[in-house]
Structures are given as structure tokens and as C-alpha cells.
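Here are the chains, one letter per residue:
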Amino acid sequence: MSKGHVFLVGAGPGDPGLITLKGLECLKRSDVLVYDRLAAPELLDYAPAETRRVYAGKSPERHAMSQREINELLRREAEAGRSVTRLKGGDPFLFGRGSEEAAFLARHGIPFTVVPGVTSAAAAPAYAGIPLTHRGLASAVSVITGNEDPLKEESSLDWAHIAAGRETLVFLMGMGNLAAICSRLTAGGRDPATPAAVVYRGTYPDQRVITGTLADIAERAAGAGLTSPAVIVVGEVVRLRAELSWLEKKPLFGRHILVTRAREQAGELSAALRELGAEVSEYPVIRFAPPEHPELLDSAVRRAAAFDWVIFTSANGVRSFMARLAALALDIRELRGARLAAIGPQTARELERLLLRVEALPEKYRAEDLARALTGKVRAGDRVLLPRADIARPYLAAELRAMGAEVEEVTAYRTLRAGEDAAAVQRALRAGRIDAVTFTSSSTARGFAALVGGAEELGRAAAVSIGPITSAAARELGIPVAAEAEEYTIAGLVAALSAYFSEAARLHAEAVK
Ligand code: SAH
């Protein structure tokens, strides 16, 4: 059998977006994935379902697998002809023993590739607004292990040399020795007034940064409760953070937001929130399922050509309808006779992707507005198909009938409850760890109320809704709505969250003044 291959891949420091394209390729292609504790958990989702995932779980206190066991695992899998991705936090060749794994592979004649990664030594300071060099302030930088007790007699580090000069110092694995590191540096001649920073969980949405001087940084970091993983930066460059900090300025930085949409829909909202600095947890309270009587949908799909209008009230409705069209070996030409309407831009986009032209799209995105947009367009005697959710409101069909249309409603998909394990969410809410809960439909509000609860369970978390119908549904369930989108779209919801928290921050700033 041909020999396999090991890819030693840098996962980056935490933010999953900081993996390299080449690293991502390895994740997508490997048979076996061996990963550490620090690798961003989201990255594992890029590997195919059939990829075997092995947690090598190195942590400062505990080794899930010894280094020897890891080496043997890499060797065994490669010798069995498999492609192995060894995912390591940050850069594989900067601490973290990647070079030892490579040396082992080299000794055993196992071919390997090293894919460098974005190291926390550079990324954590960058996300804190601290450049490692800056003209006039620092022209060199040292990356140093903080693992060694600097007060012990025998040290492999030349502390006199490290302490001298003006270059930037970056310590990894140093939180256990922070105070000793600082006193060793000042004893060696660094000015105790030298600026210093600790960047805890750099590049993660809950990143925290403490600044001070060599004289007080240890005390300040301890006071703030900062532990590992953290990068310690020493040098004049730390001053630049006052001007260059950027992550903390994002409108949703430091806010933890719960997304309750169905799994397959959550991604877009989560990504938009993360872009604005939020920490996002997905807790889908609903899921979609095929209709209980698929033959009714199939029958409507087969007769699509006979309708004057097909009106879609959700992107999900479009997808379900088109999926049946394909399953029945038909195609979109069945819709040639029908004019199409969509309730909002997302639904319209789903149709336009198939090069279908949408002839009616309301200004606001509720059934009431859609009915208005169709007034004068839909005529008496028109045959209208309404593929919709099982739980849709009767309003639109009634309005269309009042216009004299012959309306056929058909269930295109069902909305079911999801999210069995509400205990974790309830715990997080009770501990005040969630700042906002988002509702993108009445059914998400209903699902949340049924699974998690109402005002009491919500605690101090703000409920934010996509529009008035959803807000009304939430209020009816005893969920007070703190903010509502002006435009009834995901973008509108994100804007409402931003505005809500900017206002909260402004009020807070005023109160402490
Ligand atoms: N190879 C890794 C370093 C491994 S040593 C790299 O290139 O980043 C582990 C140390 O890295 C931790 O003790 C901590 O000092 C640092 N570290 C890793 N991820 C970090 C993060 N997100 N924020 C701050 N420090 C981090």
C-alpha cells in the first residue's frame, strides 16, 4: 500500500477566519484529523463527516494523549496509507512541539508537509491594536517562552540579554510566571515604567486586554482574573493601543447573542453578528420538515403551469417547492405561465437565483404589505397558488380571495420544535452570560417560550425581534421585546441590535460620568 502523508497545519490563534487557504484545503481533504485544545472548534466543521476526528487535547494541566502516543498515531495512520491533518494552534513551528512531531516523522521516513499558521504571538497583539514593531519605537521583537521559571538558577534563557535593549518582547505560556518575568526584566535593567499588556484569548470574541507597566501588569492581570491562554507583550509599542485598538470599537463587541433560527438558516445572521464583533451562540428552537401530506404539494407542483400567480412567503417555501419540482423530474419551465410574488428580499433572491423574475415585492415585508402590493395586480378569477408553511397566518389567502382570486393554499414545509436541551441556555441566561436573544419569526418566539421560557427566564437579556408580527407573538407569550427591526429583514435585525447596544453603551457612559 502506498504511504500516506501528514500535514502539519497551523490552525491560527482562535478566530476561525485566520486559518490559511492551504490549511483549509488540508482540513477538507484528510481522512484523519488530529487536533489540539486551542484549535478553533468551528474549524472541525470544515472536515467532511466521514473524516475521523481525534482529540489530542493538550492543555497545561492535562495531557489527553502523551506526545509519544500522538507521534505513534500519526505514524500508524500515515503508514496505513491515510492522509492525516495534524491541526495545531497558531503556527505549528512556534512552540507547541510541531517540530518534534516533524522530526519524528522524518526519522520514520513518513512524508509530511508543513502549513504555517497565524501565530498568537502576532495575532493576539494585532487584535489588541498593538503592532510588534513601529518606526521609532521598536525595530526588533523576541518571542519567548514564559514556561520557564525565570527565578530558577539554571535557565536556557539569557535573561540579561532579554532584559537589555528596547526591543519588543512577546511571552507565550507565561501567565503562571508573569510576576517573576516582570521582576526578572526590571532586575536586568528594563525600566519598570515600560508599558506591558496581557492579551487573553486573543482574536476570540471574548478577548480581553489589560495594559499597565512592568511594575504593575502582574497585579492588574491578576485583579482582572486573566489566566491562560494569554500573550504578554512588553515594550513601547503597547502605547499604540490607545490609538489603534479596533476590535473593542465594533458595535457588538463584548455582547453575547443567542440565535434561535433553524440550523440551516442561522448562518447568515450569525456571520453578520460576528462581523460586528459579537460572540454568537446558535440555539435553534425550530426546524423544518417536509409536509405531512407531500402528495398535496406534489400535486400543486405538477399543476404549476395552470396558475396565474405563485406567491412565496418565505425563502424556505421557494426551496421546498423547487426541491419537489426537481424530485418530480420537472423544471422551472412549469412556472412559465405564472407571475411570481415574494414577501421580501430574501425570498425574492431565492427566486432570482433561478433566473425567475419577481413581479411583486412589497416595501415592507409582512403579509399585509404583500397583499397591498398585489392589489390591482391580482385580478378576479386569477388562479393563485400559495405554497407556505403549515403554520402560516390565514390573512393573505383571505385578502386574495377578497380580490376575487381562486386561491389554493398548500403546505410546502412544516415548522417543528427543535432544541431539546434547554438547560444549558437557561443556565447561561441565569448567569447573565447572554446579552440578547434574537427572534426572526413568530415561530422562533413560540419555540423559545416553549423550550426556555418567558420574561423570568430571559432575565437581563434583551429580546430583539425582526418585526411587528414577531414582536406581537413574543409579547403574547410574556416575552418583553426590547428592540424591533425597522426593516423586516436580517440586515434590519442586525441594525436594530447595533442601535440597541450603542444606546445602552451611551446610557452607561453617561451614568458613570
Ligand atoms: N503554536 C502556538 C503557540 C502554542 S503555545 C502559536 O503559534 O500561537 C500556547 C501558548 O500560546 C499559550 O500559552 C498562549 O500564550 C498562546 N496562545 C495561544 N492562543 C492564544 C490566544 N488565542 N490568545 C492569547 N494567547 C494565545
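Residues numbered from 1 in each chain as written. Predicted model: local features only at pLDDT ≥ 70, side-chain atom pairs only at ≥ 80, totals over all residues. Heavy atoms only, no water.

Student: Got a minute to help me understand the overall build of the chain in this structure?
Tutor: The helix and strand tally for the chain stands at 19 helices and 20 strands. The C-alpha extent of the chain, read off along each of the three principal axes, is 95 × 70 × 45 Å. Evaluated residue by residue, the chain yields a buried proportion of 50% over its 513 residues. Considering only intrachain contacts with a sequence separation of at least 6, the fraction spanning at least 24 residues in the chain is 68%. With the model as given, the accessible surface of the chain reaches about 23900 Å², and the carbon-plus-sulfur share is 52%. Mean positive and mean negative side-chain charge positions of the chain (63 and 62 charges, respectively) differ by 2 Å. (Helix = DSSP H or I, 4+ residues; strand = E, 2+ residues; numbered from the N terminus. Buried < 20%, exposed > 50% of the residue type's maximum accessible area, 1.4 Å probe, protein only. Contact = heavy atoms within 4.5 Å. Areas by Shrake-Rupley, 256 points an atom, 1.4 Å probe, with all protein chains shown as cover. Lys, Arg positive; Asp, Glu negative; His and termini not counted. Charge placed at Lys NZ, Arg CZ, Asp CG, Glu CD.)

Student: What is the right way to look at the packing of helix H9 (residues 263–275) against helix H19 (residues 490–512) in this model?
Tutor: Think of two packed helices as two axes; the pair is described by the angle between the axes and how far apart they sit. Where H9 meets H19, the axes come as close as 10 Å, and the angle between the chain directions of the two elements is 35 degrees. As H9 runs across H19, the sense of the crossing is right-handed. In this structure, H9 uses Glu268, Leu269, Ala272 and Leu273 to contact H19, whose residues at the interface are Ile490, Leu493, Val494 and Leu497. (Axes fitted to C-alpha atoms, helices over the stretch in contact; angles between N-to-C directions. Left-handed = near helix turned anticlockwise from the far one by under 90°.)

Student: Looking at this structure, how should I read the site of the ligand?
Tutor: Neighbouring the ligand are 19 residues; Leu94, Thr119, Ser120, Gly202 and Ala230 lie closest to it. Pro13 places a polar main-chain atom, nitrogen or oxygen, 2.9 Å from a nitrogen atom of the ligand. Interatomic distance of 2.8 Å between a backbone N/O atom of Met173 and an oxygen atom of the ligand. Relative to its free-state accessible area of 540 Å², the ligand is covered by the protein chains to the extent of 92%. (Near = heavy atom within 4 Å. Polar contact = N/O pair within 3.5 Å; in protein donor to acceptor, adjacent residues only side chain to side chain.)

Student: Looking at this structure, how should I read the domain arrangement of the chain?
Tutor: Frequently, the measure chosen for interface size is the accessible area removed from exposure when the parts meet. When cut into domains, the chain gives domain 1 (5–118), domain 2 (122–248), domain 3 (256–285 + 419–511) and domain 4 (289–417). Each of domain 1 and domain 3 was reduced to a C-alpha centroid, and the two centroids are 36 Å apart. (Domains from an automatic or database assignment.)

Student: I would appreciate a short explanation of the side chain of Thr438 in the present structure.
Tutor: Inspection of the secondary structure puts Thr438 in strand S18 (residues 436–439). Of the residues examined, Thr438 reaches a relative accessible area of 0% and is grouped as buried. From its side chain, Thr438 meets the backbone oxygen of Leu258 in a polar contact 2.9 Å long. Once you skip the residues sitting within four places of it in the chain, Thr438 turns out to touch Ile257, Leu258, Val259, Thr260, Leu269, Val464, Leu493 and Leu497.

Student: What is the right way to read the pattern of salt bridges from this model?
Tutor: Opposite charge on two side chains permits them to pair, given that their charged atoms come into close proximity. Scanning all chains against the criterion turns up 27 salt bridges. Here Lys88 makes a salt bridge to Glu101, at a shortest N to O gap of 3.1 Å. Here Glu101 lies in helix H3 (residues 98–107) and Lys88 lies in strand S4 (residues 83–88), a separation of 13 residues in the sequence. Between Arg372 and Asp369 there is a salt bridge; the shortest N-O distance is 3.5 Å. Of the two residues, Arg372 and Asp369 are both situated in helix H13 (residues 367–374); the distance of 3 residues between them amounts to about one turn of the helix. (Salt bridge = Lys/Arg side-chain N within 4 Å of Asp/Glu carboxyl O.)

Student: Is there a simple way to explain the side chain of Arg261 in this structure?
Tutor: Position of Arg261 among the secondary structure elements: in the loop between strand S11 (256–259) and H9. At 3.1 Å, the side chain of Arg261 forms a polar contact with the backbone oxygen of Gln265. Excluding its chain neighbours within four sequence positions, the residues that come into contact with Arg261 are Ala266, Leu269, Pro284, Val285, Thr440, Thr444 and Ile490.

Student: Is there a simple way to explain the pairing of strand S7 (residues 168–172) in this structure?
Tutor: Look at any regular strand and the pattern is simple: side chains alternate between the two faces of the sheet. Most of S7 sits out of view: 5 of its 5 residues are buried. Here S7 shows two buried faces, one formed by Thr168, Val170 and Leu172 and the other by Leu169 and Phe171. Here strand S6 (residues 141–145) pairs with S7 via 5 bridges, running parallel. Bridged to Thr145 within S7 is Leu172. Sheet analysis places S7 next to strand S10 (residues 230–234), joined by 3 bridges and oriented antiparallel. Directly across from Phe171, in S10, lies its bridge partner Ile232. (Pairing = 2+ DSSP bridges.)

Student: Can you help me understand helix H16 (residues 442–451) in this one?
Tutor: A turn of α-helix holds 3.6 residues, and therefore any two residues three or four places apart point the same way. Within H16, 8 of the 10 residues are buried, which leaves it mostly tucked inside the rest of the structure. Gly453 sits one or two residues past H16 and shows a positive phi near 135 degrees.

Student: Which parts of the structure should I look at to understand the pairing of strand S2 (residues 32–35)?
Tutor: Where burial is concerned, the two faces of S2 agree: the one with Val32 and Val34 and the one with Leu33 and Tyr35 are both buried. The sheet contact formed by S2 and strand S3 (residues 52–55) spans 4 bridges and is parallel. Looking at the pairing, Val34 lines up with Val54 of S3.

Student: Even after reading the chapter, I still don't get the sheet that holds strand S12 (residues 279–282), so can you show me in this structure?
Tutor: By definition, the strands of a sheet pair up through backbone hydrogen bonds, in either a parallel or an antiparallel sense. On the basis of which strands lie adjacent, the open sheet formed by 5 strands has the order S12-S11-S18-S19-S20 and parallel pairing. Two strands lie at the open edges of the sheet, namely S12 and strand S20 (481–484), each paired on one side alone. Across the sheet, the axes of successive neighbouring strands diverge by a mean angle of 30 degrees, strand direction being ignored. Judged from the 3 bridges that link them, S11 and S18 form a sheet pairing that is parallel. Bridge pairing in S18 links Val259 to Thr438.

Student: Just checking my understanding: could you explain the packing of aromatic side chains for this structure?
Tutor: Ring pairs (aromatic) are described by centroid distance and by the angle formed between their planes. Taken as a whole and assessed by the stated rule, the structure comprises 7 aromatic pairs. Centroid distance Tyr35 to Tyr55: 5.5 Å. Interplanar angle 45 degrees. Geometry classified as tilted. Of the two residues, Tyr35 sits in strand S2 while Tyr55 sits in strand S3, which places them 20 residues apart along the sequence. You can call Tyr35 buried: its relative accessible area is 17%. A ring pair is formed by Phe439 and Phe448, whose centres lie 5.3 Å apart and whose planes are at 70 degrees; its orientation type is edge-to-face. Each member of the pair, Phe439 as well as Phe448, is classed as buried. Sitting over the face of the ring of Tyr204, Arg201 holds its NZ or CZ atom 3.9 Å from the ring centroid. In this structure, Arg383 packs its charged tip against the face of Phe307, placed 5.9 Å from the ring centre. (Phe/Tyr/Trp six-rings, centres within 6.5 Å; stacked < 30°, edge-to-face > 60°. Lys NZ or Arg CZ within 6 Å of the ring centre and 35° of its normal.)

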